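# Summary of structural features
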Amino acid sequence: MSDEFDPLVRPVAALRGVGPRHVECFAKLGIVTLEDLLLHQPRRYEDRRATGCTIAQLKLNEPATVLGKIVAQGVNYYAKRTKSVFEFILDDGTARLHCRWWNLPWLEDKFHVGDEVFVHGKLLSLKPRTMDHPETEVVEAGEEASVHLHRIVPVYPLTEGLSQRWLRGLLWRTLEEYGAQIPERHPTFLGGSGLRLRAGAGAAVVALAPNLDTNPALSLPRAAAVRSLHFPAELPETELARQRLALDEFLDLQLAVRARREKLLANARSQPCKGDNHLIRPFLAQLGFSLTDSQTTVLREIRADLARGTPMRRLLQGDVGAGKTVVAACTALMALESDHSVALMAPTEILAEQHFRNFTRWLEPLGVNVELRTGSRKPTANSQLSTLNPQLFIGTHALVEDAFTVERLGLVIIDEQHKFGVAQRERLLRKGHYPHLLVMTATPIPRTLGLTIYGDLDVSVIAHLPPGRGAIKTFVRGPEKLPKVWAFVRERLSEGRQAYVVYPRVEDTDLKTGTKAVMAEFEKLAKELAPHRVALLHGRLSAEEKESAMAEFRANRVQALLATSVIEVGVDVANATVMVIENAEQFGLAQLHQLRGRIGRGAHDSWCVLVAAKLTDDARARLKVLEETTDGFAIAEADLRLRGPGELLGQAQSGAQQFKFADLTRDLELAKLARDLAQRAGGSPLGARA
Ligand code: ADP
Ligand code: MG
């Protein structure tokens, strides 16, 4: 379908009765085209059929809607006329309801005795029955009564200048006029005249997965779904409509991802990079530990990828501390053995420096040239000399910049992938001719999300941590316990261990929210933990300062590191066994899990203390998840449920952020369905509109 013939891409101004002022209001709601308008999702529905609630039936504190007539109204001024309360009394024949608004005296002109009004709100008191600031809708006599009365009506998110009733009327009329012209978004898969699932072009018979033909969302045409979204005959229709529209959204994304992948496979010819073991063998021999079964399995999958002529596109998932770095090193060695250069990108300078140190120690004895490129570490004249030999480049996003060029780039590795966007990843890949790609993440990705945002990658998982790790115990505490917490930390430091103390802010404590800043706490904590030495680490330090703080800590010349979440990714000091996180309530669960992953890396037992400034029930319930489990997947699922996908999506820039109807926390089945449908698309022309 070409957009030229699609009436729905027209601007809302094309509708009768929509003027420039409305257009401005709509823009604030993100509504520009007719399609946007038709997809404006009601925030709730009101059942205005005969079975409604009467004023006499209203219960305390329960939201409900009643319909009655205004029998009295007026404004009272007080405090020298600087304040006011407007009130009307509504009567529906069963009882009376007082409705009050503070400091909105102009409402007096909006309501009149005798008006019939819908009122929606919660009853505050019974004697007299009172609601404060309820939602209202005056019933107007006239032709559109059937839109607003005697049916289930939508209640929309509004913005100043739009009225509920006007918008509802507009949607009604727009549906009358255009409702039948709402096209299927993916006619190859869904909808069509028979409203049945249809085979992709070319495929004669479609073998349906068991979940495919039973999902009722499938047999609903998109046009019918849009109508049910606004004016359902029965309430359950609205959820089915949401699912149908969500399915279209999942399909949009799946098809885009698939198209990207198909284009890659069609065009890309990479150099086989599987290596011949002449570097890996000595590397493993001097490593000091043997690889776990999980690591070995993953490396076998990677080697098979690297042997092919089409480039690897693989996601390596493994919880914090699972040992992804060694896998990255072995993968790099395979490419280096095959005479190709490698670029490894990490999200922070601290992590890039740490990788640089490890890889230099591991690989330079084998004759591999390792180079560091960060914002503050540009190449020296000297290092340019060796560009003819394959090398390993390690860096931050400085690797993405134009100044960085590399010969024979065979492999790109991206650590902590969720911190980067797809665009950055692609830019780095373009420095070579279809290099292989390994991306690594410690963020355990709930399945819906994984299917949705990483649909173009093959996935390997390191399922088990290396053996010989001490346990991590986690405690949630209120701020009154801080003296005890510091005493506990002092004891651990006296035993020779080290500690991290994490704060949400760098410089100034926010007095309003009680959010502490690491610089403001430094002096106090230095005294508290004396004679042990403390150092600061946060994002505003220069690269050298950060590096020296880390070096001091690593060498145990500093026993406690006071830091912001800059240490969230990658930092690896096995002797650190204590982590105190202040204002823990301000962090997401997934992030706390990452932070906690900095400890428990050695044989000693570790302790993590989450100090919540305000230990509300809500905060306690959330933080309890961390007390109870160290399973990253369980934590990520909980985070997704409690906070939505924002933090987990991170920088992924996946398009999932634009979902209006799809809900990543509960639509796993739909996400799978979309993937199955898209997979069946084969090379057929895509039904999606751009
Ligand atoms: P992450 O997966 O979080 O990046 P790292 O790669 O930093 O984890 O590994 C964490 C620690 O575990 C490192 O100190 C690393 O040397 C160690 N390690 C990795 N693999 C093994 C193994 N097979 N046996 C023992 N220790 C290992
Ligand atoms: Mg790591």
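Before any of the text, the structure's been laid out above.
Throughout what follows, the structure given in this document is the object of discussion. (Residues numbered from 1 in each chain as written. Chains lettered and ligands numbered in written order. Predicted model: local features only at pLDDT ≥ 70, side-chain atom pairs only at ≥ 80, totals over all residues. Heavy atoms only, no water.)

### Observations regarding the site of ligand 1
- Taken together, 16 residues lie near ligand 1, and Gly321, Lys324, Thr325, Arg469 and Asp572 sit nearest.
- The side chain of Gln295 places a nitrogen or oxygen atom 2.9 Å from a nitrogen atom of ligand 1.
- Within the side chain of Arg601, a nitrogen or oxygen atom sits 3.2 Å from an oxygen atom of ligand 1.
- When ligand 1 is considered free in solution it has 570 Å² of accessible area, and contact with the protein chains removes 85% of it.
- For the shell around ligand 1, a count of residues per class yields 5 nonpolar, 6 polar and 5 charged. (Near = heavy atom within 4 Å. Polar contact = N/O pair within 3.5 Å; in protein donor to acceptor, adjacent residues only side chain to side chain. Areas by Shrake-Rupley, 256 points an atom, 1.4 Å probe, with all protein chains shown as cover. Nonpolar A, V, L, I, M, F, W, Y, C, P; charged D, E, K, R; others polar.)

### Quick word on the sheet that holds strand 13 (residues 391-395)
- The 7 strands are arranged 12-13-11-14-15-10-16 in an open sheet whose pairing can be described as parallel. Of all strands in the sheet, those with a lone pairing partner are strand 12 (369-373) and strand 16 (458-462), marking the two edges. For this sheet, the mean angle separating the axes of adjacent strands, direction not counted, is 20°. (Pairing = 2+ DSSP bridges. Helix = DSSP H or I, 4+ residues; strand = E, 2+ residues; numbered from the N terminus. Axes fitted to C-alpha atoms, helices over the stretch in contact; angles between N-to-C directions.)

### As for the nonpolar core
- Residues Phe26, Leu37 and Phe250 are the most contacted members of the largest nonpolar core, which totals 49 residues.
- Secondary structure elements with two or more residues in this core: helix 1 (20-28), helix 2 (34-38), helix 4 (164-178), helix 5 (222-230), helix 6 (236-267) and helix 21 (668-679).
- The greatest single-element share of this core, amounting to 8 residues, is contributed by helix 6.
- When residues of this core are assigned to domains, at least three fall in each of domain 1 (1-49 + 151-183) and domain 3 (189-267 + 662-690).
- Excluding residues that lie within four positions of it along the chain, Leu37 makes contacts with Val12, Leu15, Phe26, Ile31, Leu167, Leu170, Leu171, Thr174 and His230. (Core = buried A, V, L, I, M, F, W, Y, C linked by side-chain atoms within 4.5 Å. Buried < 20%, exposed > 50% of the residue type's maximum accessible area, 1.4 Å probe, protein only. Domains from an automatic or database assignment. Contact = heavy atoms within 4.5 Å.)

### A word on helix 21
- Its 12 residues give helix 21 an end-to-end C-alpha distance of 16 Å, which sits within 8% of 16 Å, the value for a rise of 1.5 Å per residue.
- Looking at helix 21, one finds that the buried residues are Leu670, Ala671, Lys672, Leu673, Ala674, Asp676, Leu677 and Ala678. (Expected span 1.5 Å × (residues − 1).)

### Structural notes on the environment of Thr374
- As for its position among the elements, Thr374 is in the loop between strand 12 and helix 11 (381-384).
- In this structure, the C-alpha to C-alpha distance between Thr374 and Thr348, residues 26 residues apart in sequence, is 8.9 Å.
- Once residues within four sequence positions are removed from consideration, Thr374 is found in contact with Glu349, Ala352, Thr396 and Ala398.

### A short note on the packing of aromatic side chains
- Across all of its chains, the model carries 14 aromatic pairs by this definition.
- Judged by centre distance (5.5 Å) and plane angle (75°), the rings of Phe283 and Trp362 are edge-to-face. Taken together, the residues span a long stretch of sequence, with Phe283 in helix 7 (residues 280-285) and Trp362 in helix 10 (residues 349-363) at a distance of 79 residues.
- The class for Trp362 is buried, based on a relative accessible area of 9%.
- Through a chain of ring-to-ring contacts, three or more aromatic side chains come together here, namely Phe86, Phe88, Trp101 and Phe111.
- The aromatic ring of Trp172 is capped on one face by Arg227, whose charged end is 5.2 Å from the ring centroid.
- Lying over the aromatic face of Phe488, Arg492 brings its terminal NZ or CZ to 4.6 Å of the ring centre. (Phe/Tyr/Trp six-rings, centres within 6.5 Å; stacked < 30°, edge-to-face > 60°. Lys NZ or Arg CZ within 6 Å of the ring centre and 35° of its normal.)

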